[in-house]
Number of protein chains: 6
Amino acid sequence: MDVVTMGESMALFTPEKSGQLRYVQNYSRSFGGAESNVAAGLAKLGHQARWISRVGEDEFGEALLRFLRGEGVDTSFVERDPEAPTGIYFKEYRKAGSMSVQYYRHGSAASRMAPGIVSEKALKGASFFHMTGITPALSVSCREAVLDAVKTASRMGVRVVMDPNLRLKLWKKEEAVPVLKELLGYTDIALPGVDDGEVLFGTRDPEEIGRACLALGCHLAVVKTGAGALLVTETDVEQVEGSEVEVVDPVGAGDAFCAGFLSGLLDGMTPAEAAARGHQTASFVVQVKGDVEGLPDRRELAESDSRDVRR
Amino acid sequence: MDVVTMGESMALFTPEKSGQLRYVQNYSRSFGGAESNVAAGLAKLGHQARWISRVGEDEFGEALLRFLRGEGVDTSFVERDPEAPTGIYFKEYRKAGSMSVQYYRHGSAASRMAPGIVSEKALKGASFFHMTGITPALSVSCREAVLDAVKTASRMGVRVVMDPNLRLKLWKKEEAVPVLKELLGYTDIALPGVDDGEVLFGTRDPEEIGRACLALGCHLAVVKTGAGALLVTETDVEQVEGSEVEVVDPVGAGDAFCAGFLSGLLDGMTPAEAAARGHQTASFVVQVKGDVEGLPDRRELAESDSRDVRR
Amino acid sequence: MDVVTMGESMALFTPEKSGQLRYVQNYSRSFGGAESNVAAGLAKLGHQARWISRVGEDEFGEALLRFLRGEGVDTSFVERDPEAPTGIYFKEYRKAGSMSVQYYRHGSAASRMAPGIVSEKALKGASFFHMTGITPALSVSCREAVLDAVKTASRMGVRVVMDPNLRLKLWKKEEAVPVLKELLGYTDIALPGVDDGEVLFGTRDPEEIGRACLALGCHLAVVKTGAGALLVTETDVEQVEGSEVEVVDPVGAGDAFCAGFLSGLLDGMTPAEAAARGHQTASFVVQVKGDVEGLPDRRELAESDSRDVRR
Amino acid sequence: MDVVTMGESMALFTPEKSGQLRYVQNYSRSFGGAESNVAAGLAKLGHQARWISRVGEDEFGEALLRFLRGEGVDTSFVERDPEAPTGIYFKEYRKAGSMSVQYYRHGSAASRMAPGIVSEKALKGASFFHMTGITPALSVSCREAVLDAVKTASRMGVRVVMDPNLRLKLWKKEEAVPVLKELLGYTDIALPGVDDGEVLFGTRDPEEIGRACLALGCHLAVVKTGAGALLVTETDVEQVEGSEVEVVDPVGAGDAFCAGFLSGLLDGMTPAEAAARGHQTASFVVQVKGDVEGLPDRRELAESDSRDVRR
Amino acid sequence: MDVVTMGESMALFTPEKSGQLRYVQNYSRSFGGAESNVAAGLAKLGHQARWISRVGEDEFGEALLRFLRGEGVDTSFVERDPEAPTGIYFKEYRKAGSMSVQYYRHGSAASRMAPGIVSEKALKGASFFHMTGITPALSVSCREAVLDAVKTASRMGVRVVMDPNLRLKLWKKEEAVPVLKELLGYTDIALPGVDDGEVLFGTRDPEEIGRACLALGCHLAVVKTGAGALLVTETDVEQVEGSEVEVVDPVGAGDAFCAGFLSGLLDGMTPAEAAARGHQTASFVVQVKGDVEGLPDRRELAESDSRDVRR
Amino acid sequence: MDVVTMGESMALFTPEKSGQLRYVQNYSRSFGGAESNVAAGLAKLGHQARWISRVGEDEFGEALLRFLRGEGVDTSFVERDPEAPTGIYFKEYRKAGSMSVQYYRHGSAASRMAPGIVSEKALKGASFFHMTGITPALSVSCREAVLDAVKTASRMGVRVVMDPNLRLKLWKKEEAVPVLKELLGYTDIALPGVDDGEVLFGTRDPEEIGRACLALGCHLAVVKTGAGALLVTETDVEQVEGSEVEVVDPVGAGDAFCAGFLSGLLDGMTPAEAAARGHQTASFVVQVKGDVEGLPDRRELAESDSRDVRR
């Protein structure tokens, strides 16, 4: 297993047209979840990725597992919950260029993940353990489960990768900041966005954000700035520019960047080279509606190598 | 207001094809709820009907209110919940002739209804207060709310109509039976099915079921037997046959019967005549997919009068 | 040209689901019209068929012409109306097994057909001129146009075929009966149904209906009885049984029968043999939704010859 | 009742794809009508709005009434016509950025509105009576009905608001100009566009258009210039800029402006403040396909207050 | 691996409505293939199933692999063909109760399977090797590949299961019979239908068909008779009745029977018990449109055990 | 007949959403083919156009013929192939602004066209014979068929129009160049694009490309440069600018240009005037999805004359 990740994924219902959902009759079901996006992105690039979660013993749970297994993601450590349902959510396109969501995830199977779900057995042989700041926001037991997971990974020498992905819709700032900072303490590579930085560290300056991550114990911070990424280590600061493409749907860009970046590291690239691959990967995703549907495979990545990327 | 009813309604998602939902991508949204079906049925027949409930301050709540207001149902006493969502559910057609549901109603806005929601003001001038045995199954506060409502109605001289509608998926028999029996104690007209009777009174014999209702305090029991209905009072037992039509979708037949039956009483019919109208009304609904979509209006009822009904 | 026919065809909007149209959001457009059904049926069987009508200079007119030209029907004598629109209509499936329509055909282009539209040039060389009792119901000018057409056809020795197709929704009995009787006076072959017979001649007895047609001047009456057809001439009465197939949608069966019957006569069959082909043709149509979509081609007819037909 | 309006609304069929309708098979039904758009916009902002019209006793009439009642619009003064149908129309997106319509409204129920339909009873207590220049174009009786309505409103001291909305597709300039000028004579607040101005007064200069309205008797003219609005009174001329948003579908912008503007006046704003709210309201609508579907509610308006508006 | 199977699967396009495909605009894509149906059926019942085939390096190949991996089928031995496409086919529902197909499989990737594709490595540890008579009909190299596979399986002691599945649309009787007979010579368990038997052995008598299989070398013949199955061994003849359910779509019943039957054997059942499970499994499939979509899982099978099955 | 053209057309399946086809379930069928696009464009402008090809005796062949006949194209010389299927293809929108195709055309009926298919009878009276460089890429017999056709046309004095339309996906440059050059030797009017020019003559300079065509024997070369066209004859070089419109879908622009250009010549315009009409025609097509669906008719062309075109 190259990368192990954990988190909640849900059935996603997309309305057939824009406007308030009250006027929309038809919906199309797909799937969403930051961590499973990363796992699918890695699998599509030919890496071994394991996604750990908890889903209901229901049809949307079955559908979700089928989708991810279909993408080549290992789901053998996913728990099934006989009592709690698989979470679902609805997208709404109310205004041009914006999107909001309505969740039915409260009390979901995934919110009942608990310490021990990411076992030593599950992490054995992994190069990276990836998680996001969404999971600890789901419930107290999820918070404990993530903390337990990063401790186990640390202990086993599996490098921890964290995308803070701070969602103030799911928890309050006062609650979130100390938890995320504690998790960053176990993190090797942090992938914060500028918005994350503002809440966590009170600054939108990429370099300051990076340095704050290092101060908490990270070895590398890859600060996503929209146009590109700033790589900050104890000794180095390096800017990697993104590619310029037409953006059809920005959702999933961060996850795709993460998948591409980890793919690069797994292939032995330098962090800067890996970040360039991250940008490349993201540039595919934003040109297609859907988080996973636009992820490139190895051949597509190779074809776009010479054309799309600017350093 | 002719009839006041209370209960939960939800957004209903119907899959575009049969088979396990795991294989279905497209869904169409409508609405479902036993009590709002009755209210809509009455409104369509020209009566004044008020539906009392609690829905989220969300898009599906807006959609539900629009739908029922559109049908002519009074929703002015519906509460909006800023924190809990409007419940939703999914239908699945797994095998020929059968249907199952997946609910996302736990912790819904409606499950947070509490005593007082059916106020004297809301009941003022009503001929009937209608409720079902589904509502007390939703939560403790719902149970208390229904009991409070029937007490208020009794006190005000509003006749209480109860469809036991026992759903063992929502609560256990041990829990349900005493609650429903207590509610039947405040009920003037009970509309049990044979399945209800079996769980409540341990018998599938229509007359015995009717007598058991009377023993609890009801003045009239209309026992639905599938093929027709048995009307039981202290002094009389009368069988009213249903009409024979092709059944496309049986869901909603009981609610339609109830609407037609109350419509008949409101028009001054005898209970037996009213039950015949109930059967007529139900015969429309079962010929169309959807609970409300098949309900007849006054003109349609009149046209079918001479043709479809057998006594 | 083997057969020339005239009449109105319209764009037909079919709801995506059953129930009152008030609840249906999505519609699918096709086309309908008794006379163009006959023309398409003949063209599909390899005969030359011309359909004469008047359609708007609008998109539904264009669509209708494209559809019929696509089927191989000659539309070169169709008039375009720069002012009046092409008629349209909606189907509604309210109850199991029944269907009703909502027309937007009042003042349509076709209702403005006038004498002369079926010219000698248009009829030249034709074996049959076909029309139905729907056309004279559309307007006064249509009535005159049909009368003019049958007179022209008679004069030219083109045999007139008439399907009375009496629609009491379009005109009153008092208005319809004398007009249809006058038209039957110019008719060689009448194809009345039993319902037509009842209104026109006050009898549902097939033989009596046939004799009444002959009395008006027809040489052959093919009385459609649902299960089969009774052929009545001055000298002969012959019953031809229909085939037994599962009926999915009965609409269009009469038109298909007429197309198959005329096809048989054009191929030199006896009337009884031709009626058998009519039944065969109809048996294809009733197994498919849509009037034209189920019409068979020559090969299909041949294949079903030995299997489906009973005399 | 805060605002009473009158006019025709129709079932609107939108093709599933662009291009000539002749190639489009699937259509989706919604509703359209300038005056009911204004009523729905006001209701969504929490005001009491009554829409007066005449619809057929048919399914599209039922659907239309359900839709507007659902939106919270009072429809209790709408007449039902047992003989004439509810009008319908089709949109066509032939070229990028343009849209045309095909009407089936000739002889519709609404075209049979007649004087008296806007009764004193219907106007009682209203602050504004709103109408547009579309209604008098529908028929002679509609013309008389509008004139009768504005006279009644004037007499009762209800302020008359008029959007000229001149449609040269429905009537000729020679016919339209005197009628609209007569109506402006009874109008307190006119909301002409620059195109209206050009036809009515021969000028595209906003101030000149405003002055011409005043000369006819209006007290306030709000001349819509696309980018904003010019408010002209006897003593004052004030420009109110619109907001800059991405326009997805411009249809309905004028109606939304009118709804927001009247909402502002009802809330006690100055005309300039009310016009700013009008622009805000319109900015929501143009970002969503559909006239009503994009209208904001009170909360959305509040949220966008600080962000979207420029004065 | 419990069962290894080989064969072609294709993307399947189902028309949205019945009638000739010439009139159908919209199609929905799923997947079909007898052998992958069996593999999916086994995986859904909790067994390890491997499907071996060859698919194009194209999108439909990717989709097919995702679907089967999603179902839990092992696809690690599937070959990818950089030059030949994945086959596709279209269904047509021309007449009530009948279905025909249009293939685009000539020269497909799967038709290029060759000896060696079912390697010793692929068969290692398997209890059964399953194949059908469809594969040798695809091409000469496929014929050789199947023969090579059964020889390898025999040599390794893997029991060979064969469903003759004779398709006279794909090859001629003269060609097919000797090939299928040769394959039956390597077969332990044959699952012929009565139609297969008629072509192969000139008899529709189930027992005679079974005996003919044994004569060729099979140890057990399970002759499918529609209503049930006749099990024939050297020493025994036993009839196992099927269940009686409403048949919505019979396609896939034979594959489901085979999956259930092998599942039973893998669970240590007697052949007769296993055949009963086969019937049970098939009874699920025929109640749902789609070959795989109706397959039951272990829990569903258990629930239906006491209810649906007759011996 | 004004113009005769020959070539392959196929059923085209368009996915309902963008992204890799592996994720797309629903498809919509239309039709595509360069030469039939030209024929349909001419027919829509009122000219007589004949399309010659070979299609399968299958449903997609029937559908294709219906579509083109519907458009008014003469299909009486199209051959039916009882053995080979009508080709089909799928579009994929993988990245913003790009499109790729998956063909199932290998061994199609059209690829079996052979010399003689464009007979003297078929060309009799034609002003132009049009073909493209796609046809000779389909098979050896197609190559021979095209060469035979241009020779026949030359001999009969029918002017040959050729759009090289070089598709390196269908054949190799080495194969293509000599064939296309030989065909240009029989061509009166060549319509190369700049990309064609680069492969054929090693230059992207429009004038050089034009001169190279003349050198091979053409009398007029119309070199399409995206923004406009350069007309090159022995004596003259003239630039004709295109119109500036929003491009929704560029596919079909070249075919539309060709249709408009030939329409102009048939109407007696000079080549420069005809090229302007070509640009106008193309400007309609690129504003609509679909090759044929956006083609203008005569009235639309007239209306846009004064507005859209710049010389």
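Residues numbered from 1 in each chain as written. Chains lettered and ligands numbered in written order. Predicted model: local features only at pLDDT ≥ 70, side-chain atom pairs only at ≥ 80, totals over all residues. Heavy atoms only, no water.

A. Highlighting the sheet that holds strand β8 (residues 100–104) of chain A. A sheet is described by the order of its strands in space; here eight strands give the open sequence β8(A)-β7(A)-β2(A)-β3(A)-β3(B)-β2(B)-β7(B)-β8(B), paired in mixed fashion. The sheet terminates laterally at β8 of chain A together with β8 (100–104) of chain B, the two strands that pair on one side only. Strand-to-strand twist of the sheet, defined as the mean angle between neighbouring strand axes without regard to direction, takes the value 30°. Here six bridges tie strand β2 (residues 10–15) of chain B to strand β3 (residues 26–32) of chain B, and the two strands are oriented antiparallel to one another. Counted as the bridge partner of B:P15 is B:Y27 from β3(B). The sheet contacts of helix α2 (residues 59–70) of chain A involve β2 (10–15), β3 (26–32) and β7 (88–92) of chain A together with β3, β7 (88–92) and β8 of chain B, and relative to β3(A) the element is tilted by about 55°. (Pairing = 2+ DSSP bridges. Helix = DSSP H or I, 4+ residues; strand = E, 2+ residues; numbered from the N terminus. Axes fitted to C-alpha atoms, helices over the stretch in contact; angles between N-to-C directions. Contact = heavy atoms within 4.5 Å.)

B. Up close: the packing of helix α5 (residues 173–184) of chain F against helix α6 (residues 194–201) of chain F. Residues and elements named next belong to chain F. In contact at an axis separation of 9 Å, α5 and α6 are set at 105° when each is read in the N-to-C sense. Judged on the interaxial angle alone, α6 and α5 are roughly perpendicular. Counting all contacts with α5, which are made through K173, V177, L180, K181 and L184, the residues of α6 involved are V199, L200 and F201. Considered class by class, the residues forming the contact of α5 with α6 number six nonpolar, no polar and two charged. (Parallel < 35°, antiparallel > 145°, perpendicular 65-115°, else oblique. Nonpolar A, V, L, I, M, F, W, Y, C, P; charged D, E, K, R; others polar.)

C. Representation of the UniProt feature "domain: Carbohydrate kinase PfkB" (unreviewed entry) in chain A in the model. UniProt's entry tags residues 3–297 of chain A with the feature "domain: Carbohydrate kinase PfkB" (unreviewed entry), counted in the numbering of this structure. Helix makes up 35% of residues 3–297 of chain A and strand 22%, and the two end C-alpha atoms of the span are 17 Å apart. (UniProt positions renumbered as here; feature names shortened; annotations may be inferred.)

D. Up close: the interface of chain A and chain B. Tallying the contact residues gives 24 residues for chain A and 24 residues for chain B. Taken together, the two surfaces of chain A and chain B that pack against each other cover about 2200 Å², and 52% of this comes from carbon and sulfur. Summed over the three residues of chain A that lose the most area to chain B, namely A:R22, A:E59 and A:Y104, the buried surface amounts to 32% of that side. Here chain A and chain B share four salt bridges between them. Put simply, A:R22 and B:E62 hold a salt bridge, and the shortest N to O gap is 3.8 Å. Here chain A is connected to chain B by 17 residue pairs in polar contact (both at pLDDT 80 or more). Sorting the residues of the side of chain A that touches chain B by element identifies β3, α2, β7 and β8 of chain A as the ones contributing at least two each. Here the side of chain A that touches chain B gets five residues from one element, more than from any other, and that element is α2(A). For the side of chain A that touches chain B, a count of residues per class yields 11 nonpolar, six polar and seven charged. (Buried area = accessible area lost by both parts, 1.4 Å probe. Salt bridge = Lys/Arg side-chain N within 4 Å of Asp/Glu carboxyl O. Polar contact = N/O pair within 3.5 Å; in protein donor to acceptor, adjacent residues only side chain to side chain.)

E. How the structure looks around the relation of the copies chain A and chain B. If you rotate chain A by 180° and push it 0.1 Å along the axis, it lands on chain B with an RMSD of 0.0 Å. Such a turn and shift between the copies fits a two-fold axis. Residue A:Y27, judged by its C-alpha, is the member of chain A lying nearest the rotation axis, at 2.7 Å. A shared interface surface links the copies, since 100% of the contact residues of chain A are contact residues in chain B too. (Least-squares fit on C-alpha atoms with pLDDT ≥ 70 in both.)

F. Molecular detail of the state of the cysteines. Tallied over the full model, the rule gives zero disulfides over all chains. Free cysteine A:C213: the closest other cysteine sulfur is in A:C218, separated by 5.0 Å. This cysteine, B:C258, is not joined by any disulfide, and B:C218 carries the nearest cysteine sulfur, 13 Å off. With a relative accessible area of 1%, B:C258 lands in the buried category. (Disulfide = S-S within 2.5 Å. Buried < 20%, exposed > 50% of the residue type's maximum accessible area, 1.4 Å probe, protein only.)

G. Highlighting the sheet that holds strand β8 (residues 100–104) of chain E. In space, the eight strands of this open sheet follow the order β8(E)-β7(E)-β2(E)-β3(E)-β3(F)-β2(F)-β7(F)-β8(F), with mixed pairing throughout. The open sheet has two edge strands, β8 of chain E together with β8 (100–104) of chain F, and neither has a second partner. Between one strand axis and the next, the sheet turns by 30° as a mean value, whatever way the strands run. Running over the sheet, helix α2 (residues 59–70) of chain E touches β2 (10–15), β3 (26–32) and β7 (88–92) of chain E together with β3 (26–32), β7 (88–92) and β8 of chain F and is turned about 55° from β3(E). Its contacts with the sheet put helix α2 (residues 59–70) of chain F on β3, β7 and β8 of chain E together with β2 (10–15), β3 and β7 of chain F, and the angle it makes with β3(F) is roughly 55°.

H. Geometry of the pattern of salt bridges. Under the definition given, this model contains 132 salt bridges over all chains. In this structure, B:R204 and B:E198 form a salt bridge, with 2.6 Å as the shortest nitrogen-oxygen distance. Taken together, the salt bridges that share partners define one network made up of A:R22, B:E59, B:E62, B:R66, B:R80, D:E71 and D:D297.

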